[in-house]
Amino acid sequence: MYNAMNGSAHPLAAKEMQIEAVPGDERVWVPQADNVWFRPLLLNTVQGQWCNLLRVRRAGILSRHLHPAPVHGYVIKGRWKYLEHDWVAETGSYVFEPPGEIHTLTVPDDVPEMITFFNISGCMIYLDADNRQTGLEDVFTKIDMCRRHYDAVGLGADYVDQFIR
Ligand SMILES: [Fe+2]
């Protein structure tokens, strides 16, 4: 089939993407919790996986959660730590969250803003202090959140479509 092609991609291949990761338009950031936002990059409905930027400003907390599948992160700006670990993810750090890992992300008081790229597979299972499930996010709930937000801020619900494969 590749031999018969005129273009640069197989007809069955998903469409490539090149976008400004940290855009000037604030509306692209989807609110997730107090002082926590995400910016979708790739919303992969075939593999149940997504890539996004997470932005947390002072005092923001990403609630305690479990990953049943691997997560990879790269810190672009600022620094942060998990309450459950001693190490601090600094600007430029690579972070691997293995399946089974439970953690709570916090930003130190002296850091006004952190931005980290995350590649997340499967889902986030939110837990209380006794490890009882309190919520769940997957690529589909992320898409739903984006649709609601982009509609509300005037970009249009279908603004998210460019990130979906
Ligand atoms: Fe996590």
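Here the structure is shown first, and the text comes after it.
Predicted model only: the values in this text are computed from it and were never measured. (Residues numbered from 1 in each chain as written. Predicted model: local features only at pLDDT ≥ 70, side-chain atom pairs only at ≥ 80, totals over all residues. Heavy atoms only, no water.)

Asks: Quick question: what am I supposed to make of the nonpolar core here?
Replies: A general trend in soluble globular proteins is that nonpolar side chains are found buried together. Leu54, Trp80, Leu105, Phe118 and Tyr150 are the most contacted members of the largest nonpolar core, which totals 31 residues. For this core, the secondary structure elements donating two or more residues are strand 2 (36-44), strand 3 (49-57), strand 5 (71-77), strand 6 (80-82), strand 10 (113-121), strand 11 (123-127) and helix 1 (139-152). Not counting chain neighbours up to four residues away, the residues in contact with Leu54 comprise Trp29, Val36, Trp37, Leu62, Leu105, Met114, Ile115, Thr116 and Phe118. Among the nonpolar cores identified, the runner-up in size contains 6 residues, and Leu41, Cys51, Leu53 and Ile115 belong to it. (Core = buried A, V, L, I, M, F, W, Y, C linked by side-chain atoms within 4.5 Å. Buried < 20%, exposed > 50% of the residue type's maximum accessible area, 1.4 Å probe, protein only. Helix = DSSP H or I, 4+ residues; strand = E, 2+ residues; numbered from the N terminus. Contact = heavy atoms within 4.5 Å.)

Asks: What am I meant to see in the sheet that holds strand 1 (residues 30-33) here?
Replies: As a general point, the strands of a sheet are linked pairwise by backbone hydrogen bonds and lie either parallel or antiparallel. Taken in spatial order, the 6 strands make up an open sheet running 1-2-3-10-5-8, and their pairing is antiparallel. Either end of the sheet is taken by a strand with one partner, and the two such strands are strand 1 and strand 8 (94-97). Here the average twist between neighbouring strands, direction ignored, is 30°. With 8 bridges connecting them, strand 2 and strand 3 associate as antiparallel partners. Looking at strand 3, one finds that Phe38 is bridged to Leu54. Along the sheet, helix 1 makes contact with strand 1, strand 2 and strand 3, crossing strand 2 at roughly 120°. (Pairing = 2+ DSSP bridges. Axes fitted to C-alpha atoms, helices over the stretch in contact; angles between N-to-C directions.)

Asks: Any chance you could explain the coordination of the iron ion here in plain terms?
Replies: Around the iron ion, the protein contributes the donor atoms His65 (NE2), His67 (NE2), Glu97 (OE) and His103 (NE2), at 2.1 to 2.6 Å from the metal centre. Taken together, the 4 donor atoms coordinating the iron ion span angles of 76 to 164° at the metal, a pattern that classifies the geometry as irregular. On the primary sequence, the residues serving as donors to the iron ion are separated as H-x1-H-x29-E-x5-H. Taken as a pair, His65 in strand 4 (residues 61-66) and His103 in strand 9 (residues 102-106) lie far apart in primary sequence, 38 residues in all. (Donors = N, O, S within 2.8 Å, 3.2 Å for Na, K, Ca; no water. Tetrahedral: all angles 85-135°; square planar, octahedral: opposite > 155°, others 65-115°.)

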